[in-house]
Amino acid sequence: MVSPIRWLSILSVNSLMLFNVGFSVLMLPSILNNGEVIAQTDPNAEAERLLNQGYELFKQGTGESRRQAIAKWEEALLLFRKTGNLGEEGLTLLGLGRVYSDLGKKQKALNYYQQALPILQQVGNKDGEAATLNNLGFVYDSLGEKQKALNYYNQALPLRRQVGDKGGEARTLNNLGGLYHSLGEKQKALNYYNQALPLRRQVGDKGGEARTLNNLGAVYDNLGEKQKALNYYQQALPILQQVGDKGTEATTLSNISAVYDNLGEKQKALNYLQQALPLKRQVGDKGGEARTLNNIGRVYDSLGEKQKALNYYQQALPILQQVGDKGTEATTLNNIARLKASQGKLTESLTIIEKSLKIIEDLRTKVASPEIRASYFATVQNRYQFYINLLMQLHQQNPNKGYDSKAFHASERSRARTLIELLNEASVDIRQGIDPQLASAERKLQQQLNTIETQRIKLLSGEYTPKQKANIEQTRDQLIDEYDKLRAKIRIASPNYAALTQPQPLTFKEVQQQVLDKDTLLLQYSLGKESSYLWAVTKDSINSYQLPPQAEIKNAAIELMVRITSPQERNDITKIDSAADALTEILLKPVADKLNKKRLLIVADRFLQEIPFSALSIPNTDGESDGYQPLIVNHEIVHLPSATTIANIRNGTKSRKLAPKKVAIIADPVFSPEDSRLISVNSDQLSVISGKTTTASTSENRSRAFPLEAQQLDRAARDVGIRWDRLPATRTEAKAIMALIPESERTQAFDFQANREKATSQELGKYQIVHFATHGFANGRQPELSGVIMSLVDKNGNWQNGFLRLNDIFNLNLPAELVVLSACQTAKGKDIKGEGLVGLTRGFMYAGAKRVVGSLWVVDDVATADLMSQFYQGMLEQGLSPVEALRAAQLQMWEGGISPYYWGAFILQGEWE
């Protein structure tokens with residue numbers, strides 16, 4: 001494949017001309033005209049003359065001229081040091097770092113920047129300090145150390161703004177866009193680029209404007225908007241030619257080539273690359289040269305000219321290793337591995353792709369932010385899929401060599417890695433030993449998030465414009481972004497976090513030994529564009545199966561979900577039966593002879609994570625149909641993001657003491673000022689008139705207790721996608737559970753007490769089971785906004801923040817045996833490729849829950865109350881485990897003639913023992 005072209009970071013640094021950070025004073029005509037005379041008596045003037053000569057050489061833009069510039073500046077550096085001119089010494093070090101960076105000598109560049117930074121800070125040169133921080137970020141970015149890069153960029157940006165350096169601000173914004181682009185965060189990248197572009201134009205930076213146009217084109221190209229991408233590239237190209245920026249011109253030519261390559265116009269793509277390559281060589285951009293060689297190789301590869309392609313790849317590889325561009329090195333190795341596989345050289349291909357994956361594994365560990373780590377890992381999932389395909393091909397050729405177990409391990413390596421690391425992190429207090437200022441900043445941001453949530457709902461509850469709504473949500477999103485960055489800083493600063501070892505995915509043998517028992521069958525799915533796979537693993541065996549491409553499986557999965565959840569069809573068992581049979585034929589029929597009424601541990605992939613396996617059919621092995629029989633008739637079913645997850649949960653909870661009390665219940669909150677409970681409370685507020693007690697009218701109470709924003713709360717609820725109607729059956733559900741437990745063993749919060757304060761209190765940590773019966777919602781775009789809803793108004797009619805969002809849940813201390821989320825869509829989340837569903841379940845697991853019960857769709861209030869009542873009876877009266885009790889409750893409803901829509905949404909994730 002054509003390697004992703006992330007030129008923004010590199011070109012933003014190139015646009016940081018040295019005179020913009022203090023060198024302009026060296027261009028004065030008096031110094032240039034009289035340099036030789038002054039130099040005889042003034043070392044500083046001689047140094048300035050050398051700097052000016054170096055700058056003129058630097059502007060020529062060739063590799064040779066830049067090497068000559070280095071010689072001049074190194075002479076100047078010695079003179080500045082001799083005279084003790086710290087300010088100019090710092091700027092000269094910055095300039096040398098910049099040139100070495102351009103020449104691909106990243107470690108040398110780092111050395112100069114790290115010398116420059118403390119000097120520029122000491123002399124108070126904020127411009128130079130910001131430039132150095134920006135350039136340090138760029139070098140670490142190009143070395144693949146994304147977290148370090150982000151930290152430096154985030155230090156540079158406020159300094160740029162503080163000193164009013166609009167051009168520098170634009171460059172750093174560009175670099176941030178480039179970093180997020182490389183991590184697959186395209187919308188974030190667009191946001192930064194769109195902030196940079198008007199600043200470029202405002203300061204008249206034509207070259208910078210062209211670079212930003214180029215970078216916007218690259219994002220739209222990745223988003224599949226090819227014509228839009230070409231438009232941006234074609235705006236950039238003439239500007240670059242006009243300003244003589246040959247390096248960026250070459251980048252834009254390469255990017256245009258990538259568009260034509262994707263459109264199938266291979267010869268046109270090749271022509272653009274062949275124009276780009278000599279330009280890269282002319283300016284001495286070794287990294288850019290190597291990337292262009294790689295891309296030429298990719299085009300020849302797709303044209304079937306394998307040897308020619310290999311020649312170009314092999315030219316690129318040593319240059320990439322020389323300049324330290326690990327990301328593109330991994331890409332080139334991946335391209336070589338695919339080429340070898342296409343030639344039938346599978347073993348050789350295997351060795352090469354394993355080298356590529358080793359680099360990827362190393363790069364991902366250098367990112368502290370879980371969100372960024374997951375985003376990066378999503379961008380390389382196609383390489384793991386190729387690796388799995390390769391191993392399974394080798395297994396078909398050599399069935400007894402263990403390639404199937406290696407493929408299973410590859411699948412395990414490719415999934416839920418960030419979750420595993422988060423669970424490992426949850427075992428320590430990462431805030432212990434950090435700078436108190438960081439802890440204080442975290443508390444402040446939490447308060448700001450709480451305040452902005454209050455303001456947002458108040459705004460949406462009254463009259464507002466689309467602009468007002470967009471502005472407050474932008475502020476909220478910025479605060480969430482700041483919070484994520486601060487959490488990453490805390491991880492970096494935490495001694496406890498530093499002491500953690502990176503948890504490794506379990507091998508096949510370790511899964512058999514640490515996860516499985518004789519009654520459990522693991523079914524692990526991996527979906528691919530050309531082929532999908534299933535591994536059936538027991539305590540002492542493994543069997544693997546090739547399944548259809550993911551597109552075919554997806555069609556069958558969508559059909560089943562429509563049949564189960566559509567209001568028009570969800571009670572039609574015949575249609576559900578037909579759809580369930582079709583998906584069962586694909587997912588379970590191949591392994592039918594291994595099921596044997598065992599407990600099924602399901603590790604699904606992509607859209608299969610949202611499928612109710614409990615509602616699939618029992619595979620028909622004798623050719624005779626007995627009608628629809630859902631899978632729960634024969635099997636307990638447990639869901640997991642990966643097999644390693646359960647081992648990690650067990651590790652983290654094995655020495656934990658059981659909480660002293662049994663059940664905490666939060667149910668039936670108050671969502672609306674129209675709620676009868678609020679009216680009842682206010683009706684009890686009596687007025688004394690002329691010695692008599694009279695009850696104020698309902699309308700008077702309402703208007704007095706509720707301003708306009710409170711009266712319109714339902715409108716706000718609709719605006720965020722859910723109408724917060726009262727759920728009266730949640731109270732019935734809670735009371736049925738309460739009846740099973742002695743009063744001393746339980747606590748409950750209803751009505752106004754079912755609030756956010758109760759949900760986040762330390763008291764919940766004293767209970768083995770924590771039960772939420774309320775509304776829930778999943779945000780597939782921003783999972784951190786997913787949550788469950790507590791009471792939104794207090795008993796006095798004042799609005800309160802009732803949103804318990806994912807970030808709040810991560811901050812809970814909840815060492816529970818079981819968390820039950822008896823609400824809508826609580827088992828859903830954002831599907832991040834390679835990471836799985838990022839939502840509430842992982843938040844509660846991080847908080848300490850051994851297992852979580854949640855739902856896959858919008859559930860029925862009354863049916864859920866019945867299901868939960870039976871579920872708790874199974875656990876508390878019959879002594880069943882949670883997974884046994886859930887199956888028994890679902891089975892009871894099925895045997896009562898109730899459709900899977902009413903019971904199939906709820907799944908258990910986590911420990912089953």
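Cut-offs and rules
- Residue positions are counted from 1 within each chain, in the order its sequence is given.
- Residues qualify for local features only when their pLDDT is at least 70, as the model is predicted, and side-chain atom pairs are given and counted only at 80 or more; totals for whole chains, interfaces and linings, by contrast, use all residues.
- Only hydrogens and water are set aside when side-chain values are computed; all heavy atoms of the structure are taken into account.
- Numbering of helices and strands runs from the N terminus, with a helix taken as a DSSP run of H or I at least four residues long and a strand as a DSSP run of E at least two residues long.
- The buried label goes to any residue with under 20% of its type's maximum accessible area, the exposed label to any with over 50%, and the partly exposed label to all in between, with areas taken from a 1.4 Å probe on protein chains only.
- Only heavy atoms matter for contacts: two residues are in contact if any of them lie within 4.5 Å across the pair.
- For accessible areas, the Shrake-Rupley method is used with a probe of radius 1.4 Å. Any residue's cover is judged against the shown protein chains and nothing else.
- Expected helix span is taken as 1.5 Å per residue step, with the number of steps being one fewer than the number of residues.
- Residues belong to one nonpolar core when they are buried, are Ala, Val, Leu, Ile, Met, Phe, Trp, Tyr or Cys, and are joined through side-chain atoms within 4.5 Å.
- Aromatic pairs are defined between Phe, Tyr and Trp rings, using the six-membered ring for Trp, whenever the two ring centres lie within 6.5 Å; interplanar angles under 30 degrees are classed as stacked, those over 60 as edge-to-face, and all others as tilted.
- The method works on a 1 Å grid over the protein atoms by themselves. A cavity is a set of points holding a 1.4 Å probe that cannot get out, a pocket is an open set with protein on both sides within 12 Å along at least five of seven lines, and residues with an atom within 4 Å of a point line them.
- Grid points are joined across faces, edges and corners, and a volume is the space filled by probe spheres set on the points.
- Helix axes use the C-alpha atoms of the stretch in contact, all axes being lines fitted to C-alpha atoms, and the angles between their N-to-C directions lie in the range 0 to 180 degrees.
- Oblique is the label for every angle not falling under 35 degrees (roughly parallel), over 145 degrees (roughly antiparallel), or within 65 to 115 degrees (roughly perpendicular).
- Each residue gets one label: Ala, Val, Leu, Ile, Met, Phe, Trp, Tyr, Cys and Pro are nonpolar, Asp, Glu, Lys and Arg are charged, and the others, such as Gly, are polar.
- Within 3.5 Å is the distance limit for a polar contact, defined as a pair of N or O atoms, with the added protein rule that one can donate a hydrogen and the other accept it, and that residues adjacent in sequence qualify only through two side-chain atoms.
- Whenever Lys or Arg places a side-chain nitrogen within 4 Å of a carboxyl oxygen from Asp or Glu, that contact is recorded as a salt bridge.
- Helix crossings fall into two classes, left-handed where the near helix is turned counterclockwise from the far one by less than a right angle and right-handed where it is turned clockwise.
- Paired strands, as defined in this entry, are two strands with at least two bridges between them according to DSSP.
- pLDDT measures the predictor's confidence residue by residue and takes values from 0 up to 100.

Some remarks on the overall build of the protein chain
Here's step 1: Counting its regular elements, the protein chain contains 41 helices and 18 strands.
Here's step 2: For the protein chain, with 913 residues in total, the buried portion stands at 61%.
Here's step 3: Long-range pairs, those at least 24 residues apart, make up 71% of the contacts in the protein chain with a sequence separation of at least 6.
Here's step 4: In the form shown here, the protein chain has an accessible surface area of approximately 35600 Å², with 47% of it arising from carbon and sulfur atoms.

Overview of helix α14 (residues 266-282)
Here's step 1: With 17 residues, α14 should cover 24 Å at 1.5 Å per step; its first-to-last C-alpha distance of 25 Å lies within 8% of that length.
Here's step 2: Buried within α14 we find Ala269, Leu270, Leu273, Ala276, Leu277, Leu279 and Lys280.
Here's step 3: Just downstream of α14, Gly284 is the residue with a positive phi angle, here 75°.

Here we look at the nonpolar core
Here's step 1: The biggest cluster of nonpolar side chains holds 217 residues, and the ones touching the most others in it are Leu523, Leu587 and Phe871.
Here's step 2: With sequence-adjacent residues up to four places away left out, Leu523 is seen in contact with Leu534, Trp535, Ala536, Leu588, Val591, Leu595, Leu600, Leu601, Ile602 and Val603.
Here's step 3: Counting residues in hydrophobic clusters, the runner-up holds 32 residues, among them Ala416, Ile649, Ala664 and Leu764.

A word on the packing of aromatic side chains
Here's step 1: Under the defined criterion, the tally for this structure stands at 19 aromatic pairs.
Here's step 2: Consider the rings of Tyr525 and Phe613, whose centres lie 5.9 Å apart with planes at 45°: the pair is tilted. Linking Tyr525 in strand β1 (residues 520-526) with Phe613 in the loop between β4 (599-603) and β5 (637-639), this pair joins segments that are 88 residues apart in sequence. This pair shows no difference in class: Tyr525 is buried, exactly as Phe613 is.
Here's step 3: Ring centres of Phe810 and Tyr846 lie 4.9 Å apart, and the angle between their planes is 55°; on these two criteria the pair is classed as tilted. Residue Phe810 is located in helix α37 (residues 806-810), and its partner Tyr846 is located in helix α38 (residues 840-847); the two are separated by 36 residues in the primary sequence. The same class applies to Phe810 and to Tyr846, which are both buried.

Focus on empty space enclosed by the protein
Here's step 1: Under the defined criterion, the tally for this structure stands at 3 cavities of 30 Å³ or more.
Here's step 2: Taken together, 20 residues line the largest cavity, and the ones lying closest to its centre are Gln609, Pro641, Ala827, Leu837 and Gln909.

Some words on the packing of helix α22 (residues 417-425) against helix α30 (residues 643-653)
Here's step 1: Across the interface, α22 lies against α30 with an axial gap of 10 Å and an inter-helix angle of 0°. It follows that α22 is roughly parallel to α30 by the angle criterion. Residues Leu419, Ile420, Leu423 and Asn424 of α22 form the contact with α30, whose own contacting residues are Thr644, Thr645, Asn648 and Ile649.
Here's step 2: A per-class count over the contact of α22 with α30 returns 4 nonpolar, 4 polar and no charged.

Side note on the environment of Met875
Here's step 1: If you trace the backbone, Met875 turns up in helix α39 (residues 861-876).
Here's step 2: Given the relative accessible area of 11%, Met875 is considered buried.
Here's step 3: Sequence separation between Met875 and Ala885 is 10 residues, and the spatial gap between their C-alpha atoms is 5.7 Å.
Here's step 4: In this view, Met875 contacts Ile769, Leu818, Leu880, Ser881, Pro882 and Ala885; residues no more than four positions away in its chain are not counted.

Concerning the environment of Asp325
Here's step 1: When you line up the elements, Asp325 lands in the loop between α16 (306-323) and α17 (326-342).
Here's step 2: When its relative accessible area of 6% is taken as the criterion, Asp325 is described as buried.
Here's step 3: Along the sequence, Asp325 and Val139 sit 186 residues apart, while their C-alpha atoms lie 9.8 Å from each other.
Here's step 4: Ignoring any residue separated from it by four or fewer positions in sequence, one finds Asp325 in contact with Ser142, Arg291 and Leu320.
Here's step 5: Within polar-contact distance, the side chain of Asp325 engages the side chain of Thr328 at 2.9 Å.

Concerning the pattern of salt bridges
Here's step 1: Tallied over the full model, the rule gives 60 salt bridges.
Here's step 2: Among the ionic pairs, Glu636 bridges to Arg599, the shortest N-O distance being 2.9 Å. With Glu636 in the loop between β4 and β5 and Arg599 in strand β4, this residue pair connects regions lying 37 residues apart in the sequence.
Here's step 3: Overall, the relative accessible area of 14% leaves Glu636 in the buried class.

With respect to the packing of helix α4 (residues 63-83) against helix α5 (residues 86-102)
Here's step 1: Here α4 crosses α5 at 160°, and the two axes come no closer than 9 Å. Considering the angle they form, α4 stands roughly antiparallel to α5. Every pair of crossing elements has a handedness; the one defined by α4 and α5 is left-handed. Across the interface between the two elements, Arg66, Ile70, Trp73, Glu74, Leu77, Phe80 and Arg81 from α4 touch Glu88, Glu89, Thr92, Leu93, Gly95, Leu96, Val99, Tyr100 and Asp102 from α5.

Things to note about the sheet that holds strand β13 (residues 803-805)
Here's step 1: Spatial ordering of the open sheet is given by β11-β12-β13, a layout of 3 strands whose pairing is antiparallel. Looking at which strands have only one partner, the edges of the open sheet turn out to be β11 (776-777) and β13.
Here's step 2: Note: β11 against strand β12 (residues 787-789), 2 bridges, orientation antiparallel. Note on β12: the bridge partner recorded for Gly776 is Val788.

Regarding the environment of Ile737
Here's step 1: With respect to the helices and strands, the residue Ile737 is situated in helix α35 (residues 728-738).
Here's step 2: For Ile737, a relative accessible area of 0% puts it in the buried group.
Here's step 3: Distance in space between the C-alpha atoms of Ile737 and Ala865 is 9.9 Å, their sequence separation being 128 residues.
Here's step 4: Once residues within four sequence positions are removed from consideration, Ile737 is found in contact with Val663, Ile665, His771 and Tyr872.

Description of unusual backbone geometry
Here's step 1: Phi is positive for Ala416, which is not a glycine, with a value near 55°.
Here's step 2: Topologically, Ala416 is positioned in the loop between α21 (403-413) and α22.
Here's step 3: Look at Asp668: it is not a glycine, yet its phi comes out positive at around 50°.
Here's step 4: Relative to the helices and strands, Asp668 resides in strand β6 (residues 661-669).
Here's step 5: Given a relative accessible area of 1%, Asp668 falls into the buried group.

Considering the confidence of the model for the protein chain
In low-pLDDT regions, the fine details of the predicted coordinates are not to be read closely.
Here's step 1: Scored by pLDDT, the protein chain has a mean of 88; 90% of the residues are at 70 or more.
Here's step 2: Throughout residues 1-41 the model reports pLDDT below 50, and contacts reaching past four residues in sequence, or to other chains, amount to 109 contacts.
Here's step 3: The model gives residues 684-722 a pLDDT under 50, and that stretch makes 58 contacts with residues more than four places away or in other chains.

A word on helix α18 (residues 346-364)
Here's step 1: With 19 residues, α18 should reach 27 Å at 1.5 Å per residue; the first-to-last C-alpha distance of 27 Å fits that figure.
Here's step 2: Among the residues making up α18, those that are buried are Leu346, Ser349, Leu350, Ile352, Ile353, Ser356, Leu357, Ile359, Ile360, Glu361, Leu363 and Arg364.
Here's step 3: Of the surrounding elements, those touching the buried residues of α18 are α17, α19 (370-379), α20 (381-397), α21 and α22.

So, the pairing of strand β9 (residues 746-751)
Here's step 1: Most of β9 sits inside the fold, with 5 of its 6 residues counted as buried.
Here's step 2: Strand direction decides the pairing type here: β6 and β9, joined by 5 bridges, are parallel. Counterpart to Ile665 in the pairing with β9 is Gln748.

Considering the layout of surface pockets
Here's step 1: Here the second largest pocket defines a volume of roughly 1100 Å³.
Here's step 2: Taken together, 42 residues line the second largest pocket, and the ones lying closest to its centre are Arg338, Asn382, Gln385, Phe386 and Lys529.
Here's step 3: Taken together, the residues that form the lining of the second largest pocket break down as 12 nonpolar, 18 polar and 12 charged.

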